[in-house]
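Residue-level structural notes
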Amino acid sequence: MNAAKKDPFRGYRGPAREVMERFGITVWCEVQAKTTRGDFEGLVLPRSETSDELHLVLKLTSGYNVGIRHDTVLEMSKVGYREAHYQIPEKDFPTDPGHPEVKLLGTGGTIASRLDYRTGAVIPAFSPGELYGSVPELADICNLETEKLFGVFSENMGPEQYLILAEKTGEAIREGFDGVVVGHGTDTMHHTAAALSFMVQRPPVPIIMVGSQRSSDRPSSDAAQNLINASWAAGHGPIAEVMVCMFGPTSDLYNLLHRGTRVRKMHSSVRSTFRTLGDIPLAMVEKGRLTPLKDDWRPRRDDRDVLVQAAFDERVTLTYYYPGMNADIVDALVEKGYRGIVIAGTGLGHVNRLIYPALERAREAGVQVYMTLQTFWGFVQMHVYETGREILELGVIPLANMLPEVAYIKLGWALGVHPEDPEKVKELMTTSIAGEMTQREPHDGYLILQGGIPEVQEFLEKVWR
Ligand code: ASP
């Protein structure tokens, strides 16, 4: 981190960096630039490692940022230097003996970042003082203790991190916290929610995962509302399960609490991206009020009995079936030593005949193969069509309405918990322990409003004025 901060070309590579070198410019230089598209004056901002190689980014004196393409630059000269301060003004987080104690475990993602208004750089905001500085309402809700476990975007979360997070969550519960909040990037939050649901069983207090789609510098940010509602649900809420707390509707009316094994990110950018699949959400929450929508949840308890089983066998995979898939895909997995394969099959749980021989070879090699659905809603039913029956005979095990990602996580966990006992793994996989398989699905749950259709428009006009 420090080395990266000192890098004079922070985040700049390729042609954009060549332009900087040519004119003797580094990040934080105040420059005047002549380009084929006009003249600009501003501060050269650092860029993230993942940004493109073509543009330099200037914060203009107006406060707006502008991207200048390398091949438009005619001249650039340094007129000053003004380095950013990475520190957010910290305020002491006031504690109140009447408030519940909440532990916030940070893993990274947009929720853990804020933009420095002055410079445009994204910086981490994480200590209680920083959080209080950014979201002062938190101090009215709970006493917050924060611990940063990782600082990664969520594509970098994986089994290694799941184990640490599960142990730390168990520790916080045993230490007596009234609730745990896990700050996480949204992209793979549902994987981690599933991992925690299996690794930390029967918790006596709420474990709430929270993220944000938009960072807190943006007027439309969901970070503060999500954090406020998540902290409230963790400190005061009655539901003691692993849940995801994110924007419910498109506006900022309330948050939804989704069960950790039934939730999925369903839109790349809108704030109400998390949806419960195969069921309805557990509850609605807005500051100071939690309204359950179902009644099959586990209630908060006073004891500290929690079963932490932090184990994961990484030799498992999730394969999304497509028409035309060849047997060699499955063979390659078996040859590479994978011990478990979850297939996301078509319709009621189908794959083509081409891969039958490979499924047979997998079974002979002791590799467990499970079937889930690409449709997300509905149950695997392999007795309906001949294809289904044939696949069952090849030893493929149906997983009812378990979501594909959840099945992948559960299989890694089950193989990790019972490395020597395939029968126990099968038994665990086919028994619902955290709501990952249900008896039935609500008939109206999947009716996600489809805009553009007359009756939906009519309904929306009545509701949204
Ligand atoms: N790419 C980010 C992540 O998942 C997005 C976010 O935090 O919402 O870590």
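Residues numbered from 1 in each chain as written. Predicted model: local features only at pLDDT ≥ 70, side-chain atom pairs only at ≥ 80, totals over all residues. Heavy atoms only, no water.

Focus on the site of the ligand
- Around the ligand, the neighbouring residues are Gly-109, Thr-110, Phe-153, Ser-154, Gly-185, Thr-186, Asp-187 and Ser-212.
- Separating an oxygen atom of the ligand from a backbone N or O atom of Thr-110 is a distance of 2.8 Å.
- Contact with the protein chains covers 88% of the free accessible surface of the ligand, which is 270 Å².
- Looking at the shell around the ligand residue by residue, the class counts come to one nonpolar, six polar and one charged. (Near = heavy atom within 4 Å. Polar contact = N/O pair within 3.5 Å; in protein donor to acceptor, adjacent residues only side chain to side chain. Areas by Shrake-Rupley, 256 points an atom, 1.4 Å probe, with all protein chains shown as cover. Nonpolar A, V, L, I, M, F, W, Y, C, P; charged D, E, K, R; others polar.)

Things to note about the nonpolar core
- Formed by 54 residues in total, the largest nonpolar core has its most connected members in Leu-196, Met-199, Val-200, Val-244, Ile-409 and Leu-411.
- Looking at this core, the elements with two or more residues in it are α4 (159–175), β10 (179–183), α5 (189–199), β12 (207–210), β13 (242–247), α10 (404–417) and α11 (422–429).
- With eight residues, the top contributor of residues to this core is α10.
- Residues contacting Val-244, with those up to four places away along its chain left out, are Met-189, Ala-193, Met-209, Leu-256, Leu-257, His-258, Val-263 and Phe-274.
- In terms of nonpolar packing, the next biggest core, distinct from the first, is built from 30 residues, Val-102, Ile-228, Cys-245 and Val-285 among them. (Core = buried A, V, L, I, M, F, W, Y, C linked by side-chain atoms within 4.5 Å. Buried < 20%, exposed > 50% of the residue type's maximum accessible area, 1.4 Å probe, protein only. Helix = DSSP H or I, 4+ residues; strand = E, 2+ residues; numbered from the N terminus. Contact = heavy atoms within 4.5 Å.)

Brief notes about the packing of α5 against α10
- Running from amino to carboxyl end, α5 crosses α10 at an angle of 40°, the nearest separation of the two axes being 9 Å. As summarised for this structure, α5 and α10 are arranged oblique, according to the angle between their axes. The two elements α5 and α10 cross, and the hand of that crossing is right-handed. From α5, His-190, His-191, Ala-194, Ala-195, Phe-198 and Met-199 reach across to α10, where they touch Glu-405, Val-406, Ile-409, Lys-410 and Trp-413.
- When the residues that make up the contact of α5 with α10 are grouped by side-chain class, the tally is seven nonpolar, two polar and two charged. (Axes fitted to C-alpha atoms, helices over the stretch in contact; angles between N-to-C directions. Parallel < 35°, antiparallel > 145°, perpendicular 65-115°, else oblique. Left-handed = near helix turned anticlockwise from the far one by under 90°.)

Details of the pattern of salt bridges
- Counted according to the given criterion, the structure contains 25 salt bridges.
- Linking Glu-145 and Lys-103 is a salt bridge whose minimum nitrogen-to-oxygen distance equals 3.1 Å. In this pair, Glu-145 is assigned in strand β9 (residues 143–148) and Lys-103 in strand β6 (residues 101–106), connecting sequence segments 42 residues apart.
- A relative accessible area of 39% places Glu-145 in the partly exposed class.
- Look at Lys-103 and you get buried, because its relative accessible area is 6%.
- In this structure, Arg-353 and Glu-390 form a salt bridge, with 3.2 Å as the shortest nitrogen-oxygen distance. With Arg-353 in the loop between β21 (340–345) and α8 (356–364) and Glu-390 in helix α9 (residues 386–393), this pair connects stretches of sequence that are 37 residues apart.
- The network of salt bridges with shared partners includes Lys-103, Glu-145, Glu-147, Lys-168 and Glu-171. (Salt bridge = Lys/Arg side-chain N within 4 Å of Asp/Glu carboxyl O.)

These values are about where atoms sit, not about what they do.
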